[in-house]
Amino acid sequence: MQKLFSQNIRDLLKVDLHRHLDCSVRWSTLIELAPQVGIELAPTSQGQKDQFLITSPMKDLSSVLNKFLNAQKVLASEEILTRVAYEACEDAYNDGIRVLELRYAPTFIAEGHQDLDYDKIHLAFVKGIEKAKKHFPMAVGLICIVQRIKSFELAEKVVDFAIYHKDSFLALDLADNEEGFDPKPFAPLFQKAKKAGLHITIHSGETPNDLAAKWVKDSVEILGAERIGHGIQIVRDPQVMQFIRDRQIPLEVCPISNYLTQSFPTYEQHPVRELLKQGIKITINSDDPGVFATNLSDDYEVLHRVHGFTQEEFRLCNQNAFNASFIPAKQKDLFKQDFF
């Protein structure tokens, strides 16, 4: 087996399809800005990390999502959002990423920030990304998230917002805690978005639940998902696994995130190797690098150290991700030679 070392992994050119922009704030930026927006920092470094970061396994996904709310308070102005978007692109580029899809939930950012409406949020992010692309040669696109825990009426407003900005959104996503929030009621909204020309990716099959595999199948059949965010729980149902393989639906796998949210108890129990063996199209992604204090290379390191991933397997996963990226070909094909 080809042996990779940390520097080799960092030097690998990468694609990241599943990275939450609103959870990608640099630690240094977070600590700098928190007092400016009225957040009292803990007196010690460890206390500050406990306030904002998730670096060890949480009880469940719901506990993780609650922790995100602390960092969300920092996203309080257009200037801050532009800076966060720029720095997220810079950090990704420095980690070897050349094709990057960033996603965010306008409802999540707007909550508690009365001076920010959806349009201001979006234009601030676009401004930061465009500025970054002038300094760092990379292809970058945005995905709009609908929070499944919000009302249908609010979801409808978000979908209309995404469609209105379809020139600068790649796709629509449905995210947040799956348990207790059946994806099927959102089908008309996602069908509307797809008809308008937006791609569809759905967070599904992340939570360790006996129904998780069924949720993944519903997300493809009923919501029209072209990719699945996480999807790892399909290992619970061989028929759904075959369905995903036959449909060639790529999974946006996030190994460190899956461990920290306790989708699986240990890295060793993560099913990524089994999914790859079964012919599932795997992509490797960072999810929430700011809150997790990680970068995509850390996910690669875990897969290499624990599951024996080789440079050739990383290349295959990046080819899967490149092909599955919703970024228009004329933009991402500038980097095609890096992956093929």
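Scoring rules and cut-offs
- Residues numbered from 1 in each chain as written.
- Predicted model: local features only at pLDDT ≥ 70, side-chain atom pairs only at ≥ 80, totals over all residues.
- Heavy atoms only, no water.
- Helix = DSSP H or I, 4+ residues; strand = E, 2+ residues; numbered from the N terminus.
- Axes fitted to C-alpha atoms, helices over the stretch in contact; angles between N-to-C directions.
- Parallel < 35°, antiparallel > 145°, perpendicular 65-115°, else oblique.
- Contact = heavy atoms within 4.5 Å.
- Nonpolar A, V, L, I, M, F, W, Y, C, P; charged D, E, K, R; others polar.
- Buried < 20%, exposed > 50% of the residue type's maximum accessible area, 1.4 Å probe, protein only.
- Polar contact = N/O pair within 3.5 Å; in protein donor to acceptor, adjacent residues only side chain to side chain.
- Core = buried A, V, L, I, M, F, W, Y, C linked by side-chain atoms within 4.5 Å.
- Patch = residues over 30% accessible without salt bridge, like charges linked within 9 Å, V, L, I, M, F, W, Y side chains within 5 Å.
- Areas by Shrake-Rupley, 256 points an atom, 1.4 Å probe, with all protein chains shown as cover.
- Salt bridge = Lys/Arg side-chain N within 4 Å of Asp/Glu carboxyl O.
- Lys, Arg positive; Asp, Glu negative; His and termini not counted.
- Charge placed at Lys NZ, Arg CZ, Asp CG, Glu CD.
- Phe/Tyr/Trp six-rings, centres within 6.5 Å; stacked < 30°, edge-to-face > 60°.
- Lys NZ or Arg CZ within 6 Å of the ring centre and 35° of its normal.
- 1 Å grid on protein atoms, 1.4 Å probe; cavity = no way out; pocket = protein on both sides within 12 Å on 5 of 7 lines; lining within 4 Å.
- Points joined across faces, edges and corners; volume = space filled by probe spheres on them.
- Pairing = 2+ DSSP bridges.

### Some remarks on the environment of E206
Within the element layout of this structure, E206 appears in the loop between strand 5 (199-204) and helix 10 (212-221). For E206 and V37, which are 169 residues apart along the polypeptide, the C-alpha to C-alpha distance reads 33 Å.

### Here we look at the packing of helix 8 (residues 152-164) against helix 9 (residues 187-195)
To describe two helices that pack against each other, one gives the angle between their axes and the distance between the axes. At their nearest, the axes of helix 8 and helix 9 sit 10 Å apart, and the two run at 5° to each other. Taken together, the axis directions place helix 8 and helix 9 in an arrangement best described as roughly parallel. Residue-level inspection shows F152, A155, E156, V159, D160 and I163 of helix 8 in contact with helix 9, the latter providing L189, K192 and A193. Among the residues forming the contact of helix 8 with helix 9, the class breakdown is six nonpolar, no polar and three charged.

### Side note on the side chain of R19
Checked against the element boundaries, R19 lands in strand 1 (residues 14-20). For R19, a relative accessible area of 4% corresponds to the buried category. Of note is the side chain of R19, whose polar atom sits 3.0 Å from the side chain of D16.

### What to know about the nonpolar core
Of all hydrophobic cores here, the largest spans 98 residues; its most connected members are F190 and I244. The biggest single contributor to this core is helix 5 (residues 78-94), with eight residues. Ignoring any residue separated from it by four or fewer positions in sequence, one finds F190 in contact with V146, L172, D173, L174, I200, I202 and L223.

### Examining a negative patch on the surface
A cluster of acidic residues, E78, E79, D115, D117 and D119, forms a negative patch at the surface. Structurally, the position occupied by D117 is in the loop between helix 6 (106-110) and helix 7 (118-135).

### A closer look at the packing of aromatic side chains
For any pair of aromatic rings, the description rests on two quantities: the centre-to-centre distance and the angle between the ring planes. Within the structure shown, the criterion is met by twelve aromatic pairs. The interplanar angle of 40° and the centroid separation of 4.3 Å between the aromatic rings of Y259 and Y267 together place this pair among those described as tilted. Taking the relative accessible area as the measure of exposure, Y267 reaches 18% and is therefore buried. Through a chain of ring-to-ring contacts, the aromatic side chains of Y104, Y118, F125, F161 and F169 assemble into a single cluster. K332 extends its terminal NZ or CZ atom over the ring of F322, reaching a point 5.3 Å from the ring centre.

### A word on empty space enclosed by the protein
All told, the structure shown has one cavity of 30 Å³ or more when counted by the stated rule. Roughly 40 Å³ of internal volume is contained in the largest cavity. Lining of the largest cavity is provided by D22, C23, S24, V25, L30, F52, L53, A71, G290 and V291.

### A look at the sheet that holds strand 7 (residues 251-253)
If you trace the eight strands from one edge of the open sheet to the other, you get 1-2-3-4-5-6-7-8, paired in parallel fashion. In this open sheet, the two strands that pair with only one neighbour each are strand 1 and strand 8 (282-284). On average, each strand axis in the sheet is inclined to that of its neighbour by 25°, with strand direction left out of account. Of the strands in this sheet, strand 1, strand 2 (97-104) and strand 3 (139-147) touch helix 5, which is tilted by about 145° from strand 2.

### Let's talk about unusual backbone geometry
Peptide bonds are trans in most cases, and residues, glycine excluded, mostly fall at negative phi. Even without glycine at this site, D176 takes up a positive phi of about 95°. Tracing the chain through its elements places D176 in the loop between strand 4 (171-175) and helix 9. Its identity as a non-glycine residue notwithstanding, H230 has a phi of 80°, on the positive side. Mapped onto the elements, H230 comes out in strand 6 (residues 227-230).

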